[in-house]
Amino acid sequence: MNRLVLLGALSLAVVACSPAADQCTPSSCSGCCDANGQCQQGAFPQACGQLGVACRACGLTDTCQFGACIAAPTCTPTTCSAAGKNCGTILNGCGGQLTCGTCTTAGESCGGGGVANVCAPGTCVPKTCTDLGKNCGQVSDGCGAFLQCGTCSVAGDSCGGGGTMNVCGHGACVPKSCTDLGKNCGTVNDTCGGQLSCGTCTVSGQSCGGSGTSNVCGVGSCTAKTCPQLNATCGTVNDTCGNTLSCGTCSGFETCGGAGTANACGATCIGSCPTGFTCSGGSCTGGNLQSVTFDIPVPVQHVVAGKVTRNGINPAATYCNSTSYGELLEFTHLTDTRFNTSVYASCNTTGAAWAFSVSLYPGSYKVTAKRNTNNTDNLPSWETIVSPSFAVSAPQSNVTFDIPVPVQHVVAGKVTRNGINPAATYCNSTSYGELLEFTHLTDTRFNTSVYASCNTTGAVWAFSVSLYPGS
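Residues numbered from 1 in each chain as written. Predicted model: local features only at pLDDT ≥ 70, side-chain atom pairs only at ≥ 80, totals over all residues. Heavy atoms only, no water.

A. Quick peek at the sheet that holds strand β26 (residues 302-310). With mixed pairing, the three strands of this open sheet are ordered in space as β30-β26-β34. Strand pairing shows two members of the sheet lacking a second neighbour, β30 (355-360) and β34 (396-403), which therefore form its edges. Sheet twist, expressed as the mean angle between neighbouring strand axes with direction ignored, is 30°. (Pairing = 2+ DSSP bridges. Helix = DSSP H or I, 4+ residues; strand = E, 2+ residues; numbered from the N terminus. Axes fitted to C-alpha atoms, helices over the stretch in contact; angles between N-to-C directions.)

In structure tokens form, the structure reads like this:
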């Protein structure tokens, strides 16, 4: 059977296109269809969904993951007593840690009897992340201390995302409670890679798993099961008597729980397989390797055209040639930097149109205007955000980005020395006189300077400068 392994190459997530209202379908839209029939990205709480389904808004405490609204789970921390631990440090089941004390009886050590965080005779040998089949997060070394097993590096993976605690897996997971699982004793997996402490048996004659049901109090003694009996080939599992078994690790690109089955090695295909191939064990298989098509979905671009104005009217330009293009407009996409672009609004000294035209992908953009220093015009030298969220979902014309500029006031006068004009014995064209620097007290954009000219004939030391309002 032909096997085509597709890993990161198929993880490309492309922002959904915005086709016409009657064309938003699962085949034309990788995101979701809004109320207007437009295709949206489908990866945000306010517009969540995938493959052309109707967009929906997630709850205030929910998140949108892979097109699905995921509720934030609630958690009740366990205690050392409830977990049956009396030494070392353990996880409280809610992201925190508990310190359960030290062993005080001579000859005993924490984990000495083979049960982590329980005092017993003997010497405990700490385990490694590899020994435990873990590759992310914090885990117990079996002797009362914690191991740091790293983080997940594959896009879309999370620690425990495949259903096995401390193992990187793909997909969103909602942890279950002891009640959800029908358990009332011992430690169990919450199906998302975490552990739950479900208490101890208090009725005389009962033990955890005593009646043959794992983690359920029953009459009789419990017979622990092995990894093969539990169909577990990797990770850690409960032996049905409240204890933990380590069932090995996975090889290659497979991970423990990677295909969605807890404690089983596997992998899922990220993205969709090429036409003719099907996903099996993390690989796209069964297709013709001599006729493979990799399709790259690209959103439709929309032409946006208009002009730039200054306080509602066309800017004035006294000099604008072929190498001085006018005012630069930068379009910064708010959710996908791949779609960032820029365009010049052309300074036209004949018609002073300051027009622009640009092709943009769907979404919202921050639009910033920047002055070209080669121009001689009345636009400000600083950057101006002319639109914090400019929405693009269809072609647009006659768009105006206005640059507000405060009115300047002419301030003129002269410089004196002790109340009279300074004396100058030499003042030519390269010696301009006394420099006056005007530093605005609240807005540095308005800072400027001017020379009070030294004039040896009249010795007027005069200046004239245009200033923005303020101090």
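B. Highlighting the state of the cysteines. This model, assessed by the stated rule, comprises 11 disulfides. The side chain of Cys129 participates in a disulfide bridge whose partner is Cys149; the two sulfur atoms lie 2.0 Å from each other. Its S-S torsion of approximately -90° makes the covalent link between Cys129 and Cys149 left-handed. Here Cys129 is found in helix α2 (residues 129-132), whereas its partner Cys149 is found in the loop between β13 (146-148) and β14 (157-159), with 20 residues between them in sequence. This pair shows no difference in class: Cys129 is buried, exactly as Cys149 is. Disulfide pairing is shown between Cys273 and Cys284; the S-S distance is 2.1 Å. Residues Cys273 and Cys284 are joined through a disulfide that is left-handed, its torsion about the S-S bond being -80°. With Cys273 in the loop between β23 (265-266) and β24 (278-280) and Cys284 in strand β25 (residues 283-285), this pair connects stretches of sequence that are 11 residues apart. Looking at Cys284, the relative accessible area reads 0%, which means it is buried. (Disulfide = S-S within 2.5 Å. Buried < 20%, exposed > 50% of the residue type's maximum accessible area, 1.4 Å probe, protein only.)

C. View of the sheet that holds strand β29 (residues 341-345). Pairing in this open sheet of four strands is antiparallel, and the strands run β29-β28-β31-β33 from one edge to the other. With one partner strand each, in any of the chains shown, β29 and β33 (384-392) form the two edges of the open sheet. Within the sheet, the average angular offset between the axes of one strand and its neighbour, ignoring direction, is 25°. Here strand β31 (residues 363-371) runs beside β33; their pairing, made up of six bridges, is antiparallel. Following the sheet pairing, Gly363 is matched in β33 by Val392.

D. Molecular detail of the environment of Val405. Relative to the helices and strands, Val405 resides in the loop between β34 and β35 (409-414). For Val405, a relative accessible area of 6% translates into the label buried. Discounting chain neighbours no more than four positions away, the residues touching Val405 are Arg310, Asn311, Pro380 and Tyr468. (Contact = heavy atoms within 4.5 Å.)

E. Layout of the pairing of strand β38 (residues 462-467). Only one face of β38 is covered, namely the one carrying Phe463, Val465 and Leu467; the face carrying Ala462, Ser464 and Ser466 has none of its residues buried. Summarising the sheet, β35 and β38 pair through six bridges and their orientation is antiparallel. What sits directly across from Ala412, in β38, is Ser464.

F. Highlighting the pairing of β26. Here β26 pairs with β30 via six bridges, running antiparallel. In the sheet register, His302 faces β30, and the bridge partner there is Leu360.

G. Local environment of the environment of Thr128. Within the secondary structure, Thr128 sits in the loop between β11 (119-121) and α2. Since its relative accessible area comes to 38%, Thr128 is described here as partly exposed. Sequence separation of Thr128 and Gln148 is 20 residues, and the distance between their C-alpha atoms is 9.5 Å.

H. Highlighting the environment of Lys225. Residue placement: Lys225 occurs in the loop between β19 (217-219) and β20 (236-238). Residue classification places Lys225 among the partly exposed positions, given a relative accessible area of 35%. As for Lys225 and Cys241, which are separated by 16 residues in sequence, their C-alpha atoms are 8.1 Å apart. Residues in contact with Lys225, not counting those within four places in the same chain, are Leu230, Asp239, Thr240 and Leu245.

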